[in-house]
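Residue-level structure breakdown
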Amino acid sequence: MSEHREDINRLAQEFESCRKILLALGDENRQHLMLEMMRMEHCGGVRVGTITERTHLSRPAVSHHIQILKDAGILKMRREGTKNYYYFDADTEAINRLLQMLGHAKRIMEQLPDRSGENL
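Please read these numbers as outputs of a predicted model, since none were measured by experiment.

Analysis parameters
- All residue numbers refer to position in the chain's written sequence, counted from 1.
- Totals for whole chains, interfaces and linings use all residues, but because this is a predicted model, local features are given only for residues with pLDDT of at least 70 and pairs of side-chain atoms are given and counted only at 80 or more.
- Water and hydrogen atoms were dropped before computing side-chain values, which therefore reflect all heavy atoms in the structure.
- The term salt bridge refers to a side-chain nitrogen of Lys or Arg lying within 4 Å of a carboxyl oxygen of Asp or Glu.
- Numbering goes from the N terminus for both helices and strands, where a helix is a DSSP run of H or I of at least four residues and a strand is a run of E of at least two.
- Only protein chains enter the accessibility calculation, which uses a 1.4 Å probe. A residue is then buried if its area is under 20% of the maximum for its type, exposed if over 50%, and partly exposed in between.
- Think of a nonpolar core as a cluster: buried Ala, Val, Leu, Ile, Met, Phe, Trp, Tyr and Cys residues, connected wherever their side-chain atoms sit within 4.5 Å.
- What makes two residues a contact is simply this: any of their non-hydrogen atoms within 4.5 Å.
- The length a helix should cover is 1.5 Å for every residue beyond the first.
- Throughout, the arc means that of the directions going from the helix axis to the C-beta atoms.
- What qualifies as a polar contact is a pair of N or O atoms within 3.5 Å, subject to a donor-acceptor requirement within protein and to the restriction that residues adjacent in sequence count only when both atoms come from side chains.
- Values of pLDDT, ranging from 0 to 100, describe the predictor's confidence in every residue of the model.
- Angles shown run from 0 to 180 degrees and are taken between the N-to-C directions of axes, each axis being a line fitted to C-alpha atoms and, for helices, limited to the stretch in contact.
- What sets the label is the angle itself: under 35 degrees gives roughly parallel, over 145 gives roughly antiparallel, 65 to 115 gives roughly perpendicular, and the rest give oblique.
- The residue classification treats Ala, Val, Leu, Ile, Met, Phe, Trp, Tyr, Cys and Pro as nonpolar and Asp, Glu, Lys and Arg as charged. All others, Gly included, are polar.

1. What about the pattern of salt bridges?
On inspection of all chains with the given rule, the structure shows eight salt bridges. Between E36 and R54 there is a salt bridge, and its shortest N-O distance comes to 3.3 Å. Of the two residues, E36 is situated in helix α3 (residues 28-40) and R54 in helix α4 (residues 48-54); the sequence distance between them amounts to 18 residues. The class of E36 is buried, set by a relative accessible area of 10%. In this structure, K106 and E110 form a salt bridge, with 2.9 Å as the shortest nitrogen-oxygen distance. Of this pair, K106 and E110 both sit in helix α6 (residues 92-111), four residues apart, which is roughly one turn of the helix. Here the salt bridges do not stand alone but share partners, grouping E36, R39 and R54 into one network.

Right, dumping it as structure tokens:
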């Protein structure tokens, strides 16, 4: 049982290290914003005004959500003069931590007995 406890404690630490990216990806407005950016197909980046036109969000709200996505390592920004362009360029370390945590959670769940009560 202590082996399971160690696994679960390690999983909790991994989950904690993924909180920023989970928070960023878990918000419905940010999901909508990211989907709209993907649909625009501008690999070189998109400006806040363009994103605002394609979403139901205000310009300050778009800027707020972009900042959270940047902090999570999902978006990056490039500046050309006074213009800022936002583009997807995920931090591979953050993505790898998320994938590792999800894989670890899956392995733990596969080892647990059926607790649904259906097989009694």
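2. Looking at the nonpolar core
L33, I51, V62, I66, L69 and I74 are the most contacted members of the largest nonpolar core, which totals 25 residues. Contributions of two or more residues to this core are made by α2 (19-26), α3, α4, α5 (59-71) and α6. Element by element, the count of residues in this core is highest for α6, at five residues. Apart from the residues lying within four places of it in its own chain, the contact partners of L33 are I51, T55, L57, V62, H65, I66 and L69.

3. Some thoughts on α3
For α3, which comprises 13 residues, the first-to-last C-alpha distance of 18 Å matches the rise-based estimate of 18 Å (1.5 Å per residue) to within 8%. R30, L33, M34, E36, M37 and M40 are the residues of α3 that are buried. Buried residues of α3, viewed axially, fall in a sector of 160°; they line one side. Counted as exposed and oriented over 90 degrees from the buried face of α3: E28 and R39. For α3, the secondary structure elements touched by its buried residues are α2, α4, α5, β1 (75-80) and β2 (83-88). Two or three places before N29, at the start of α3, stands the capping residue D27, its side-chain oxygen 2.9 Å from that residue's backbone nitrogen. One or two steps after α3, the chain reaches E41, where phi turns positive at roughly 55°.

4. Let's talk about the confidence of the model for the chain
Regions with low pLDDT carry predicted coordinates that are not meant to be interpreted in detail. For the chain, mean pLDDT is 89; residues scoring 70 or higher make up 97% of the total. By mean pLDDT, helix α1 (residues 2-17) is the weakest element of the chain at 88, and α5 is the strongest at 96.

5. Looking at the packing of α3 against α5
Across the interface, α3 lies against α5 with an axial gap of 10 Å and an inter-helix angle of 90°. Here α3 is positioned roughly perpendicular relative to α5, judged by the angle of their axes. Residues N29, R30, L33 and M34 of α3 form the contact with α5, whose participating residues are V62, H65, I66, I68 and L69. Looking at side-chain class alone, the contact of α3 with α5 contains six nonpolar, two polar and one charged residues.

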